[in-house]
Protein chains: 2
Amino acid sequence: MARNGSYVSEAVIRRMPKYYRYLEDLEKTGVERVSSKELSQRMGLTASKIRQDFNCFGGFGQQGYGYNVSDLKKEIMKILGLDRTYNVIIVGAGNIGQALANYTGFEKEGFFIKALFDINPKLIGISIRDIMIYDLDSLEDFLAKNPIDIAVISTPKDKAQEVADRLTRNGIKGIWNFAAIDVAVPRGVIAENVHLSDSLYTLSYRIRESLE
Amino acid sequence: MARNGSYVSEAVIRRMPKYYRYLEDLEKTGVERVSSKELSQRMGLTASKIRQDFNCFGGFGQQGYGYNVSDLKKEIMKILGLDRTYNVIIVGAGNIGQALANYTGFEKEGFFIKALFDINPKLIGISIRDIMIYDLDSLEDFLAKNPIDIAVISTPKDKAQEVADRLTRNGIKGIWNFAAIDVAVPRGVIAENVHLSDSLYTLSYRIRESLE
DNA sequence: TAGATTGTTAATCGATTAACAATC
DNA sequence: TAGATTGTTAATCGATTAACAATC
C-alpha cells in the first residue's frame, strides 16, 4: 500500500487515523475540497508534513486545487485497511470486554464482534447485544470453526500472555491488547497494545509538570 | 521535575510509564538491581536510550552496579506524579464510563473516582461501586463543592467539546478524553486524548500491510 | 585492584520543515 | 493567463545510538 514498497515510518502511520477523523468531519459538514494549509490549521500540523505524509502513499492532490475531501477520505480508508470487514473476538468479558462488546461504533467501520470468552461461570452462556459469552476452554474449537481476524485481549494482566499464545497458536494474526503488559507475539502476527494506564500516567505527569 | 528546568521530549515522557511497568514487575519478582543492558533486553529498547531517558530527570544509577529497582521505581513514580492522589469524575456513564468506574486498578495508583455524570434519566441516581451517577445539570454545582483534579470525558463525540468547555470553565486542569475528537482546552489545562479507534485502525493498517 | 556500568559527549540517523519547480 | 497549491528536493532540527571517560 505504501507508494512503492518503501518503508513508512511509525509516526506517519499513527497520523493516518487522525487524518481519517478530520476528513470524515469535513465530509459530514459538506466540505468538498481542502488544501494542506487549511487542514494544517484545523489539525495543528504543518502543511508540509501533511503533504509529505500523503505522498508516502501516492499523489492524492491536484496542484492549484488541493485535495478532494471524499476522494482523500476513501484513499485513507483503503490505506488503513478499512475497505474490508474483520471478524473479531473478545477474550475477557470483564469491564473493558463488555464495554467494547456493547459499543456499536466499530461495526460501522467493518469490525464485527463474533464472540466473547471468559472463565467466569456466571458470565458464560449469557450474551451481550446477541454476542454470546463462551467458556474460554472452547476457544480453540471456536477458532477452528470460525474465521477470525482480530482478537481483543481484555483479561487480567497475568493471563494476557498465555491467552496471546493460545490465540497465535490457533491462527490469529491481529491482537488488540488492553492488558497492562506488552504481549509478545511471533513474527507475522501484529499486536497493538493500548495501555490505558500509560495514558493516564502521562496525564498525571503533565499535571505535575504544570504545577511546578 | 526535569533535571534543571530543561525540556523533556514527548518521546521520553511516553516511555516513562513503560519503565514504571517493567520496574514494578521486576520489584514484584524480587529483583533488587538491574542494569540498563538487562532492562534494554527485556523492554526491547537500547541501553543507551534508557540511560539517556533516566538522565533527563537525574542520576539514578551507580557506576559498576546499575540501578536499584525499587529506588528507581520510586523515582519514576514521583516523575509521573504518582506520589499523590487525584480526585476524578467521569462525565458520560455509558459503556466506557461504567467500565472505568468498575475498574478498581487506578485506585492503587491514587486515582479516586468521586462521581459520574450523565443525562440519561435511567442512569441518574444509581451508583456503581458506591460511586453515584448524577445529573449532568449538577456538574457545576458539584465542582464548586468538591476538589476535583481530573475529569474523564466518555460522552458521545458530539458532546465532548461542550463538556470540556464546561469542565475547564469550572476549574478542571486535567482531562482524560475518550471521545473520538481532539478536545481543545485553554492554556494551563492538560488534555490527554485516548482515541481507541485510532489504535484499532493502526492495527488494521498493519494487518493489511502484512498481507501484501 | 579489576571489572562493570553509569553519565555524558560526540556521531549518526531519521523526521520535520522550508523552499520551489511543476502544473492544474 | 495568473494564481494557487501540490509533489518533491534540500536544509534543518531533534532524537537515537555509539563511544568512552568517570567512578563505584
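Residues numbered from 1 in each chain as written. Chains lettered and ligands numbered in written order. Predicted model: local features only at pLDDT ≥ 70, side-chain atom pairs only at ≥ 80, totals over all residues. Heavy atoms only, no water.

Draft legend 1. Inspection of the interface of chain B and chain A at higher detail. Listed per partner, the contact involves 58 residues of chain B and 58 residues of chain A. Carbon and sulfur atoms make up 61% of the area that chain B and chain A hide from each other, which totals about 5400 Å². Ranking the residues of chain B by area buried against chain A places B:Y201, B:Y205 and B:R208 at the top, with a combined share of 14%. Here chain B is connected to chain A by 12 salt bridges. The partner of A:D198 in a salt bridge is B:R21, and the shortest N-O contact between them spans 2.6 Å. Counting every contact that joins chain B to chain A gives 24 residue pairs in polar contact (both at pLDDT 80 or more). Put simply, the parts of the chain that give the side of chain B that touches chain A at least two residues each are helix 1 (10-28), helix 4 (69-79), helix 5 (95-102), strand 8 (174-177), strand 9 (190-193) and helix 8 (196-211) of chain B. The biggest single contributor to the side of chain B that touches chain A is helix 8 of chain B, with 15 residues. (Contact = heavy atoms within 4.5 Å. Buried area = accessible area lost by both parts, 1.4 Å probe. Salt bridge = Lys/Arg side-chain N within 4 Å of Asp/Glu carboxyl O. Polar contact = N/O pair within 3.5 Å; in protein donor to acceptor, adjacent residues only side chain to side chain. Helix = DSSP H or I, 4+ residues; strand = E, 2+ residues; numbered from the N terminus.)

Draft legend 2. Geometry of the protein's contact with DNA strand D. Around DNA strand D there are 26 residues in total, and A:R3, A:S36, A:R51, B:Q52 and B:Q62 lie nearest to it. Of what DNA strand D places within 4 Å of the protein, 55% of the atoms are sugar or phosphate. A:S36 places a main-chain nitrogen or oxygen 2.6 Å from a phosphate oxygen of DNA strand D. Side-chain polar atom of B:T46 to a phosphate oxygen of DNA strand D: 2.9 Å apart, as the coordinates give it. Taken together, the elements giving at least two residues each to the surface near DNA strand D come down to helix 3 (47-55) of chain A together with helix 1 and helix 3 (47-55) of chain B. Looking at the surface near DNA strand D, the element that brings in the most residues is helix 3 of chain B, giving four residues. Across the surface near DNA strand D, the residue classes tally to four nonpolar, 17 polar and five charged. (Near = heavy atom within 4 Å. Nonpolar A, V, L, I, M, F, W, Y, C, P; charged D, E, K, R; others polar.)

Draft legend 3. Fine view of the relation of the copies chain B and chain A. Expressed as a screw operation, the relation of chain B to chain A combines 0.0 Å of axial shift with a rotation of 180°, fitting to an RMSD of 0.0 Å. One copy is carried onto the other by what is essentially a two-fold rotation axis. For chain B, the residue whose C-alpha comes nearest the rotation axis is B:A99, separated from it by 3.1 Å. In this assembly, 100% of the residues forming the interface of chain B have copies in chain A that are likewise at the interface, indicating an isologous arrangement. (Least-squares fit on C-alpha atoms with pLDDT ≥ 70 in both.)

Draft legend 4. Spotlight on the packing of aromatic side chains. Scanning all chains against the criterion turns up 24 aromatic pairs over all chains. When the centroid spacing of 4.9 Å and the interplanar angle of 75° are considered together, the rings of A:Y103 and A:F106 count as edge-to-face. Aromatic side chains B:F117 and B:F142 sit 5.4 Å apart centroid to centroid with 75° between the ring planes, which places their arrangement in the edge-to-face category. Placement of the pair is B:F117 in strand 4 (residues 111-118) and B:F142 in helix 6 (residues 139-145), with a sequence separation of 25 residues. A single burial state applies to B:F117 and to B:F142, both of which are buried. Clustering of aromatic rings is evident, with ring pairs tying together A:Y20, A:Y86, A:F111 and B:Y201. Against the face of A:Y65 rests A:R33, its NZ or CZ located 4.8 Å from the ring centre. Sitting over the ring of B:Y86, B:R84 keeps its end group 3.9 Å from the ring centre. (Phe/Tyr/Trp six-rings, centres within 6.5 Å; stacked < 30°, edge-to-face > 60°. Buried < 20%, exposed > 50% of the residue type's maximum accessible area, 1.4 Å probe, protein only. Lys NZ or Arg CZ within 6 Å of the ring centre and 35° of its normal.)

Draft legend 5. Region of interest: unusual backbone geometry. One non-glycine residue with positive phi stands out, namely A:H195, at about 55°. Structurally, A:H195 can be placed in the loop between strand 9 (190-193) and helix 8 (196-211).

Draft legend 6. Highlighting the packing of helix 2 (residues 36-43) of chain B against helix 3 of chain B. Residues and elements named next belong to chain B. Direction vectors running N to C along helix 2 and helix 3 enclose 110°, while the axes themselves pass 8 Å from each other. Judged on the interaxial angle alone, helix 3 and helix 2 are roughly perpendicular. Our pair here, helix 2 against helix 3, has a crossing hand that is right-handed. Residues S36, K37, L39 and S40 of helix 2 touch helix 3, and the partners they reach there are A47, I50, R51 and F54. When grouped by side-chain class, the residues that make up the contact of helix 2 with helix 3 number four nonpolar, two polar and two charged. (Axes fitted to C-alpha atoms, helices over the stretch in contact; angles between N-to-C directions. Parallel < 35°, antiparallel > 145°, perpendicular 65-115°, else oblique. Left-handed = near helix turned anticlockwise from the far one by under 90°.)

Draft legend 7. Representation of the sheet that holds strand 7 (residues 150-153) of chain A in the model. Residues and elements named next belong to chain A. In spatial order, the strands read 5-6-4-3-7-8-9; together these seven strands make up an open sheet with mixed pairing. The open sheet terminates on both sides in strands that have one partner only, identified here as strand 5 (127-128) and strand 9. Summarising the sheet, strand 5 and strand 6 (residues 131-135) pair through two bridges and their orientation is antiparallel. By the bridge assignment, I128 is partnered in strand 6 with I131. (Pairing = 2+ DSSP bridges.)

Draft legend 8. Structural view of the sheet that holds strand 7 (residues 150-153) of chain B. Residue and element names in this part refer to chain B. Reading across from one edge, 5-6-4-3-7-8-9 is the order of the seven strands in this open sheet, with mixed pairing throughout. In the strand order of this sheet, the two ends are held by strand 5 (127-128) and strand 9, each with one partner. Across four bridges, the pairing between strand 8 and strand 9 is parallel. Directly across from G174, in strand 9, lies its bridge partner I190.

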